Amino acid sequence: MKRVTGYFLAGLLLFFGGIKTAHAEPAACDDCDKVAAPFFFVKSQQADGVESLPLKATRVNVAVAGVIARVQLQQEYQNTGSTPIEAIYVFPGSTRASVHGMKMTIGERVRIARIKEKEQARQEYNEAKQQGKTASLLEQERPNVFKMNVANILPGDTILVDLEYSELLVPTDGEYMFMFPTVVGPRYAGSEDAAYPKEGWVENPYLYEGEQTNSEFTFSLALKAGMPIQHIASSSHAIDVMYKGKNEALIDLQQENQGADTKDIVIKYRLQGNDIETGMLLYESEEENFFVMMMEPPARHIPAQMPGREYIFTVDISGSMFGFPLEVSKHLMKELFTHLTPEDTFNLVLFEGGTSLFSETSVPATAENLERAFAFFYEKQGGGGTELLSALRRAYSIPRQEHMSRTVVVITDGYISAEAQVFDFIRTNLNRMNVFAFGIGSSVNRHLIEGIAHSGKGEPFVITDAYQVEQTARRFGEYISMPLLSSIEVAFQGFDVYDVEPQVLPDLMAARPLILTGKYRGTPGGTITVTGERGPELFERQIRPADHSHDPVNAALPFLWARERLVQVQDYFRLDRSEQRRQEITHLGLKYNVLTEFTSFIAVDEIVRSDGKQETVKQPLPLPEGVSNLAVGGASGSLVPGVPEPSLVILLLSALLSLAVWLKIAAPKRAGEKCER
Amino acid sequence: MRALKLLERPSVIGLAFFFSFWPVWSWYVARLQDGADEPFGPVALILCLLILFFRYRATALAGELPPVPLIAILFLYLLTAGILPFLLKAILAATGIAYLLSRIFVQKNMQAGICMLLILSLPVIASLQFYGGYPIRLITSEAVAVLLRLSGTFAQAEGTVLKWAGELVAIDAPCAGIKMLWSGMLINAIFSAWWNYSWRLALVASLCSSFLIFLANVFRSYVLFYRETGLVSVPLSHEGVGILVFFLLAQLLCCVHILWLRKIR
């Protein structure tokens, strides 16, 4: 009896201990028992005298000079209520943007924001807020989501916050595109997304479908292309274009653009050229000198000049791919094979714990070889671990044929080991093989897929269900079908460069230009020689840096270089979340004055104007065009948990303890044993 | 002759049978480590061995072991090796080992409990989640909608989503209750092995257990609906609700086995 009592006490301890653990366990986020969710803004429910819509205007001025876009974004906050407020506004940013400046204007006073480490900036902001000083804090929540906090906006105040960011415009298929994102869509955040553990910003009010904020929105873009402009259009809004010369134009949104801020603004334009263009931008600052070199593909392609194509399909057949992902991979392979011609060659590397190679050398993509490859693939079953690095090394070791552009296509769900080394390997071998990644499955490891895309200077492709296969395969086939230049090497003679990104160049595809950013010492001189193979021909182009001069217009180059470096470091950080990477990101942000996930901009007006008491108001956002009210939940969240069941450890312990107790109770008593009461 | 006699010993036959499935065991070990499934299958295996040792070692057979069923399983394995996925091959192997252990310890051709424990020791949770998760959630949402209506809260199930007061409440993938199912069936299998259930009784026990586990998951989702929507203040975290529900379920399963099923075996 005592033993049974003991077991029961142990059971109760386990039970309550389990619950306590469930409460205390940080898991992937501090508040992981709640799904963070957006909610609807209801004007009638707002407190009297409190300004509920503080954002009165957003003004966007874009200046495009060559391939660099400098954006000035002004937000105007007003308090027409009778109570001091703190305004919080969540807004989107371009993933290509490098935010490098902010200033706050209160009446006649202008305060230039400083870049600080995120926690320090937050602390300084909170102190200023409590002391009754007007302060503004800009933080990055995600690479494309920013949050502006403006404290102590007194009744009658108008506060202007100006942001400045730059981005490099990279043409695709000869078309340049500038995209200004206008609204952040409603999202939910639970504990599953380990990359972004704290997602409080998603708890934002939204207006009902069709409702507007009545906030003013203006947009204008001044384009100085440096070359004759062929065509300007917008796929999102009606625009007015005023040409000021062959190379210059001014673009404005037409007046009747109501709801301009519910869909992203997309401006596209084309320039003209027949050959591969090379361009160089230089900028010299007090401490460092920067350059950007860009090689664009020509507008028209001469087929005889294209190098031969070799494709190595590297397919994950590990245990985690078993079932739907493997079946979709097979379907995808079939679709990808339809884009091969008998002049192309291909090979197949299947990997799990080990690797299996279809053929010692790549074979022509004839119907017979493709059938054999399918048979080889279909024999394999999902099982074992996933060693992608071994597979890439195996692909790399396949004897390479001359004058062939080699492309490695990785197909995986992304649950692999040694991910950071995969990125290193891809980066250092970019001139030997292009690498593209397909993520397959309903919960793909997007960090890996996007990291491979960044490392390989390409685009990520993700397939979450069988219906996306054909379209994605077609898009991919078009993307890689025309390698224009392979085995590209860049030699710097007499031009002292360092910190060049990328360190190795991939093949030049018809769809994308090659871009090199870096730093240099001394006076620009010497030559930069770009060589490669264009079909059977050797290609060579020389650039003389001395022919290009430092231009103050290129003042954005340090920020663009920093952004390139940050993208690379952030890919690694998202994998290992190491302190070293975190410090590297912080250092880059502080040194180059750019907004990152660990550095924020803060501006404080030192004049104390109130006692610090204020209402916090989150600016409600309009729903993006095409998104319905169903995307937004109720007052306290509308998802029964994205929280998993209790962990299997606790369930197991609970089961075993219960079994032990009940089996003891049910055990037959030995003869003579007294029954204790 | 001595060599032939050696080959007839159960231990030798058992070892030979075990090693002939070497590729399956390699896959099993790799699967436990690849992070794509829960790695607690070996717990069921250890429990099975403990039950055999503590409950049945006194009656362990030292005599003959008819090898025909093992040969049949091996033959089937060889025929299907190129077709079947590893998980099904592993189930085949587990069946053979269940026969071995049943013959040696229990003098039965196949004890249901042992067989269930060995199958539960395989990496089945991810596959159950993938194939069974959605249908279970579908039925769960319908059942929760019924419970809610009985409680005076009008909600309508549309697929795996409950529509209530113009809002959507989803029963998403982690709410299928697969881990609870595995843990509950473990309890069921242990009782079946401990008390040497016949196959018929084991089947009845399994059906009852599955049904009770499903009801428990429905109840868990029902409570969490109220917690999440804020209609009722629940003084427990999400995980706390799940732990409490499973604890009560475990007691219920044990009672069912001890007070009813054991008595009718």
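In this report, the structure presented in the accompanying data block is examined. (Residues numbered from 1 in each chain as written. Chains lettered and ligands numbered in written order. Predicted model: local features only at pLDDT ≥ 70, side-chain atom pairs only at ≥ 80, totals over all residues. Heavy atoms only, no water.)

1. Some details on the overall build of chain B
Looking only at helices and strands, chain B features 11 helices and three strands. Going residue by residue from the N terminus, the α and β elements of chain B occur as α-α-α-α-α-α-α-α-β-β-β-α-α-α. Each of the 265 residues in chain B was classed as buried or not, and the buried ones make up 52%. Accessible surface, chain B: about 12300 Å² in total, of which carbon and sulfur atoms supply 72%. (Helix = DSSP H or I, 4+ residues; strand = E, 2+ residues; numbered from the N terminus. Buried < 20%, exposed > 50% of the residue type's maximum accessible area, 1.4 Å probe, protein only. Areas by Shrake-Rupley, 256 points an atom, 1.4 Å probe, with all protein chains shown as cover.)

2. Side note on the pairing of strand β20 (residues 308-316) of chain A
Residue and element names in this part refer to chain A. Most of β20 sits inside the fold, with eight of its nine residues counted as buried. For β20 and strand β21 (residues 345-351), the ladder comprises seven bridges, and the chain directions are parallel. Of the residues in β21, the one forming a bridge with D316 is F351. (Pairing = 2+ DSSP bridges.)

3. Thoughts on the sheet that holds strand β11 (residues 175-180) of chain A
Residues and elements named next belong to chain A. What the three strands build is an open sheet, ordered β11-β17-β14; its pairing is antiparallel. The open sheet has two free edges, formed respectively by β11 and β14 (229-234), since each of these has just one partner strand. Going across the sheet, the axis of each strand differs from the next one's by a mean of 15 degrees, ignoring polarity. (Axes fitted to C-alpha atoms, helices over the stretch in contact; angles between N-to-C directions.)

4. Some remarks on the pattern of salt bridges
Residues and elements named next belong to chain A. Going through the model one piece at a time under the given rule, you end up with 23 salt bridges over all chains. Where E141 meets K147, a salt bridge forms, and the shortest distance between an N and an O atom there is 3.7 Å. Under the relative-accessibility criterion, K147 is labelled buried at 15%. Salt bridges here are not isolated pairs; linked through shared partners, they connect E288, D499, E501, K519, R565 and K591. (Salt bridge = Lys/Arg side-chain N within 4 Å of Asp/Glu carboxyl O.)

5. A look at helix α2 (residues 118-131) of chain A
All names here are of chain A. An ideal rise of 1.5 Å per residue puts 20 Å on 14 residues; α2 measures up with 20 Å between its terminal C-alpha atoms. What α2 keeps buried is the set K118, A121, E124, Y125 and A128. Down the axis of α2, the buried side of the element spans an arc of 130 degrees, and every buried residue falls inside it. Pointing more than 90 degrees away from the buried face of α2 are the exposed residues E119 and Q130. Where α2 is buried, its residues contact β4 (85-92), β7 (114-117), β8 (133-142), β9 (145-153) and β33 (599-608). Between the side-chain oxygen of the N-cap and the backbone nitrogen of E119 there are 3.2 Å, and the N-cap of α2 in question is E117. The first or second residue beyond α2 is G132, which carries a positive phi of 85 degrees. (Expected span 1.5 Å × (residues − 1). Arc of directions from axis to C-beta. Contact = heavy atoms within 4.5 Å. Polar contact = N/O pair within 3.5 Å; in protein donor to acceptor, adjacent residues only side chain to side chain.)

6. Here we look at the nonpolar core
One finds L162, W182, L186, I187 and F191 of chain B to be the most contacted residues of the largest nonpolar core, which totals 97 residues. Broken down by element, this core gets its largest block of residues, 14 residues, from helix α6 (residues 86-106) of chain B. Judged by nonpolar contacts, the second largest core, of 81 residues, contains V99, L138, L163 and V184 of chain A. (Core = buried A, V, L, I, M, F, W, Y, C linked by side-chain atoms within 4.5 Å.)

7. A word on the sheet that holds strand β6 (residues 109-112) of chain A
All names here are of chain A. Taking strand neighbours across the sheet as the criterion, the eight strands line up as β6-β5-β10-β3-β2-β13-β16-β15 in an open arrangement whose pairing is mixed. What marks the edges here is a single partner per strand, and that holds for β6 and β15 (239-243). Neighbour-to-neighbour, the strand axes of this sheet turn through a mean angle of 15 degrees, independent of strand direction. When strand β13 (residues 216-224) meets strand β16 (residues 248-253), the two strands line up antiparallel, connected through five bridges. Residue pairing in the sheet places A222 in a bridge with L250 of β16.

8. Quick notes on the side chain of T134 of chain A
All names here are of chain A. Mapped onto the elements, T134 comes out in strand β8. We classify T134 as buried; its relative accessible area is 0%. In terms of polar contacts, T134 uses its side chain to reach the backbone carbonyl oxygen of N152, at 2.9 Å. A polar contact is formed between the side chain of T134 and the side chain of R609, at a distance of 2.7 Å. Not counting residues up to four positions away in its chain, the partners in contact with T134 are M104, I106, A151, N152, I159, A603, V604, D605 and R609.

9. Focus on the pairing of β16 of chain A
Residue and element names in this part refer to chain A. Here β16 shows one buried face, formed by A249, I251 and L253, and one open face, formed by E248, L250 and D252. Direction of pairing for β15 relative to β16: antiparallel, over a ladder of five bridges. Counted as the bridge partner of I239 is L253 from β16. Here β15 hands over to β16 after four residues, the two strands then running antiparallel side by side.

10. Some thoughts on helix α9 (residues 178-194) of chain B
A turn of α-helix holds 3.6 residues, and therefore any two residues three or four places apart point the same way. Residues and elements named next belong to chain B. Look at α9: 24 Å from first C-alpha to last across 17 residues, which is about the 24 Å you get at 1.5 Å a residue. When you tally the buried positions in α9, you get 15 out of 17 residues, the bulk of the element. Just downstream of α9 lies N196, where phi reads positive at about 55 degrees.

11. Looking at the packing of α9 of chain B against helix α10 (residues 199-229) of chain B
Residues and elements named next belong to chain B. For the pair α9 and α10, interaxial distance at closest approach is 9 Å and the crossing angle is 150 degrees. By the criterion of interaxial angle, the relationship of α9 to α10 is roughly antiparallel. Crossing angle aside, the handedness with which α9 passes α10 is right-handed. Two secondary-structure elements touch here, α9 through M180, L181, G184, M185, N188 and S192 and α10 through A202, A205, S206, S209, S210, I213, A216, N217 and R220. Across the contact of α9 with α10, the residue classes break down as seven nonpolar, seven polar and one charged. (Parallel < 35°, antiparallel > 145°, perpendicular 65-115°, else oblique. Left-handed = near helix turned anticlockwise from the far one by under 90°. Nonpolar A, V, L, I, M, F, W, Y, C, P; charged D, E, K, R; others polar.)

12. Here we look at the packing of aromatic side chains
Scanning the entire structure with this criterion turns up 34 aromatic pairs over all chains. Here the aromatic rings of Y89 of chain A and F91 of chain A are separated by 5.5 Å at their centres, their planes lie at 20 degrees, and the arrangement is stacked. Pair check on accessibility: Y89 of chain A and F91 of chain A agree, each one buried. Measuring from ring centre to ring centre gives 5.0 Å for F17 of chain B and F21 of chain B, while their planes differ by 55 degrees; the resulting arrangement is tilted. Overall, the relative accessible area of 3% leaves F17 of chain B in the buried class. Overall, the relative accessible area of 0% leaves F21 of chain B in the buried class. One aromatic cluster is present, built from ring pairs that chain together Y311, F313, F337, F346, F358, F374 and F376 of chain A. The residue whose ring lies beneath R521 of chain A is Y498 of chain A, and the NZ or CZ to ring-centre distance is 4.0 Å. For the cation-ring pair, K89 of chain B lies above F86 of chain B, with the distance from its terminal atom to the ring centre recorded as 4.5 Å. (Phe/Tyr/Trp six-rings, centres within 6.5 Å; stacked < 30°, edge-to-face > 60°. Lys NZ or Arg CZ within 6 Å of the ring centre and 35° of its normal.)

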